[in-house]
Amino acid sequence: MEKEFLKSIFELILFKQTIFKNLHLLTSAMEKKTALITGITGQDGSYLAELLLNKGYLVYGLVRRSSTEATTERIDHLLKDVHESGARIFRHYADLTDTDSIISSLMKIKEETKKLPDEIYNLGAQSHVRISFDTPIDTSDIVGLGALRMLRAIKLICPETKFYQASSSEMFGDVIETPQSEKTPFNPLSPYACAKVFAFNITKMYRNAYGIHASNGILFNHESERRGVNFVTRKITRGLARISLGLQDKIFLGNLESERDWGHSKDFVNAMWLILQQDKPDDYVIGTGEKHSVREFLEETAKCLGMNINSNGEKGVNEKYIDENGKVIVEIDPHFFRPLEVKTLLANPEKAKKILGWEPKIKFKELAQLMTEHDFKLAETEAYLKNRKRSW
Ligand code: NAP
Ligand code: F7E
């Protein structure tokens, strides 16, 4: 009898919590804009979620199921228990390769907020260019067909929703002209870039054929303290920071001569938002208008750390960087070369400046400085924990 009573009290509490959550969501959604982000656990997704929350949005994010909680590391500081009154960010399990999960997520948003999202940002991708040569079919499915799945769901369920497609400067590939603008023809060199070209074109096609507010941001490389550790900038800042504290001996890199137009992700997600605030959908190149080589990034990082490193002067796979104690700290490993290499990329962001009023705040040197400082602090913590363990 007592057990039954306790059970009904417990059920009542759960019921109240659900009603409270839905009521809270309903009132919030009526007052606030709602956005859905695919790829919310990625570098850009996490900064975009922060930006939108600061602007008062309700934010939904599509998250892939994983056997660990590690994939939400970049957004853990934003997540709250959905039953808490201030919760404005929500996760739905879904996958860009699974149309049903995308449609289900849109229907769930409708159920919970009694309206459909005002804006959808499609950032989900297998975004590593070299890995796309190893997994071309999976990459094309996520990157290319994934965008089409999103657009098809929008056409069927929420044709009024504004759509942002994360297009990429990789589409320019073997560049036809320098710098690259919205008018520069594409010439892709990887499965990733070919899939992005498809996604770009299908976004434009849905805009023209069905009047959907669908725009492409053609973003040049952007990095940050949250950049994945297998992209070259983070590999360098993390690697050299760890080497400087004796946690690692050396790093292995590929082509040091590649040139990229590197900006900071925080600036770039602001451009994404500005693109969707325009009355008319359109395509925009987003970049800093400055290019630097991988070698320059390596040398700038060493400078930030006060490391004196020099090349042995050899070219290609025999080149090494050596520190003041004669220790080799950088070697070349052909594994990191690509079957085809995009040698140089440089943005002409004039249209974004003129129409969106967008300009990057963080340029090359500050970017390297921010990333290096961040990775040095992480390495210091790692070294401290390692030494503490040793003293036990
Ligand atoms: P990122 O850090 O690699 O993040 C990619 C995101 O996509 C992650 O949240 C990942 O989830 C998710 N994802 C992967 N496969 C998925 C799938 N099958 N279904 C749903 N989600 C999936 O990439 P980023 O640097 O933030 O870039 C964001 C977008 O901009 C990407 O589309 C990228 O291609 C594009 N882009 C990036 C740059 C750049 O320099 N960063 C430049 C131009 C364009 P997990 O966390 O579970 O892996
Ligand atoms: O390579 C060279 C490599 O992997 C940059 C993605 O966000 O930006 C990114 O693609 C350059 C390339 O970025 C290593 O060959 C040398 O030339 O950091 P990355 P990415 O390929 O430019 C575009 C715009 C995107 O859209 C993509 O999603 O650095 N490089 N040595 C190396 N690259 C890596 N990863 N590792 C090396 O050891």
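Scroll up to find the structure.
Here the structure is a predicted model, which is why all the values come from computation and not from measurement.

Calculation criteria
The residue numbering used here restarts from 1 in each chain and proceeds along that chain's sequence as written. Numbering of ligands from 1 and lettering of chains from A proceed in the order in which they are written. Totals for whole chains, interfaces and linings use all residues, but because this is a predicted model, local features are given only for residues with pLDDT of at least 70 and pairs of side-chain atoms are given and counted only at 80 or more. Helix numbering and strand numbering both begin at the N terminus, where a helix is a DSSP run of H or I of at least 4 residues and a strand a DSSP run of E of at least 2. Radius of gyration means the value over C-alpha atoms here, while the globule rule gives 2.2 Å times the residue count to the 0.38 power. Buried means a residue has 20 or more other C-beta atoms within 10 Å of its own C-beta, exposed means 12 or fewer, and partly exposed covers the counts in between; C-beta atoms are placed from the backbone. The contact criterion used here is simple: two residues whose C-beta atoms, placed from the backbone, lie within 7 Å are in contact. Placing the C-beta atom from the backbone, one calls a residue near a molecule or strand if that atom lies within 6 Å of it. Each residue gets one of three labels, nonpolar for Ala, Val, Leu, Ile, Met, Phe, Trp, Tyr, Cys and Pro, charged for Asp, Glu, Lys and Arg, and polar for the others, Gly among them. Fitting a line to C-alpha atoms yields each axis, with helices limited to the stretch in contact; the angle taken between N-to-C directions then spans 0 to 180 degrees. With respect to orientation, any angle under 35 degrees is reported as roughly parallel, any angle over 145 as roughly antiparallel, any angle of 65 to 115 as roughly perpendicular, and every other angle as oblique. Crossing chirality is assigned from the near helix's rotation relative to the far helix, an anticlockwise turn below a right angle marking it left-handed and a clockwise turn marking it right-handed. By definition, two strands form a pair when at least two bridges between them are found by DSSP. Given the number of residues in a helix, its expected span is that number minus one, multiplied by 1.5 Å.

Notes on the overall build of the protein
- When you go through the protein residue by residue, the secondary structure sums to 11 helices and 15 strands.
- Taking 21 Å as the expected radius of gyration for a compact globule of 392 residues, we find that the protein reaches 23 Å, a close match to that expectation.
- For the protein, with 392 residues in total, the buried portion stands at 44%.
- For the protein, contacts bridging at least 24 residues in sequence account for 76% of all contacts bridging at least 6.

What to know about the site of ligand 2
- As a structural note, the neighbourhood of ligand 2 is formed by 22 residues, with S127, V129, S168, G254 and S258 the closest of them.
- Secondary structure elements with two or more residues in the shell around ligand 2: α4 (129-134) and α7 (232-244).
- Residue composition of the shell around ligand 2, grouped by class: eight nonpolar, eight polar and six charged.

A word on the site of ligand 1
- Surrounding ligand 1, one finds 25 residues, the nearest of these being G39, G42, G124, A125 and A166.
- Broken down by secondary-structure element, the contributors of at least two residues to the shell around ligand 1 are α2 (43-54) and β5 (162-168).
- Among the elements that take part in the shell around ligand 1, α2 stands out by supplying three residues, more than any other.

Description of the environment of G263
- Secondary-structure assignment places G263 in strand β10 (residues 263-264).
- Here G263 falls in the buried class, since 28 other C-beta atoms lie within 10 Å of it.
- Considered as a pair, G263 and P360 are 97 residues apart in the sequence and their alpha carbons are 7.3 Å apart.
- Discounting residues that sit within four places of it in the chain, G263 has contacts with F220, H222, F268, G287, T288, P360 and I362.

Overview of the packing of helix α3 (residues 99-113) against helix α5 (residues 136-157)
- In contact at an axis separation of 10 Å, α3 and α5 are set at 40 degrees when each is read in the N-to-C sense. With respect to each other, α3 and α5 are oriented oblique. Between α3 and α5 lies a crossing whose hand is right-handed. The residues of α5 that touch α3, namely those facing T99, I102, I103 and L106, are R149, M150, A153 and I157.
- Taken together, the residues that form the contact of α3 with α5 break down as six nonpolar, one polar and one charged.

Some points on the sheet that holds strand β3 (residues 89-93)
- With parallel pairing, seven strands are arranged side by side in an open sheet as β3-β2-β1-β4-β5-β6-β11. Every other strand in the sheet has two partners, leaving β3 and β11 (283-286) as the edge strands with one partner each. Neighbour-to-neighbour, the strand axes of this sheet turn through a mean angle of 20 degrees, independent of strand direction.
- The sheet contact formed by β5 and strand β6 (residues 214-219) spans six bridges and is parallel. Of the residues in β6, the one forming a bridge with Y164 is S215.
- This element, helix α6 (residues 191-210), spans β5 and β6 of the sheet and lies at about 155 degrees to β5.

Some details on the sheet that holds strand β15 (residues 328-332)
- With mixed pairing, four strands are arranged side by side in an open sheet as β8-β15-β14-β13. The open sheet has two edge strands, β8 (251-253) and β13 (309-311), and neither has a second partner. The sheet shows a mean angle of 20 degrees between the axes of neighbouring strands, taken without regard to direction.
- Bridge analysis of β8 against β15 gives three bridges, and the strand direction is parallel. Within β15, the position partnered with I251 by the bridge is V330.

Here's the deal with the environment of I218
- One can find I218 in strand β6.
- Here I218 falls in the buried class, since 27 other C-beta atoms lie within 10 Å of it.
- Considered as a pair, I218 and S169 are 49 residues apart in the sequence and their alpha carbons are 5.8 Å apart.
- Apart from residues no more than four positions distant in its own chain, I218 is found in contact with S167, S168, S169, M171, D283, Y284, V285 and I286.

Some details on α6
- The end-to-end C-alpha distance of α6 is 28 Å, a good match for the 28 Å that 20 residues give at a rise of 1.5 Å each.
- Packed against the buried residues of α6 are α4, α5, β5 and β6.
- At the C-terminal side of α6, G211 shows a positive phi close to 70 degrees.

Regarding unusual backbone geometry
- Look at the link from T178 to P179: it is a cis peptide, with omega at -5 degrees.
- Position of P179 relative to the elements: it lies in the loop between β5 and α6.
- Positive phi, normally seen in glycine, also occurs at K114, with a value near 60 degrees.
- Among the secondary structure elements, K114 is positioned in the loop between α3 and β4 (119-122).
- Judged by C-beta crowding, with 12 C-beta atoms within 10 Å, K114 ranks as exposed.

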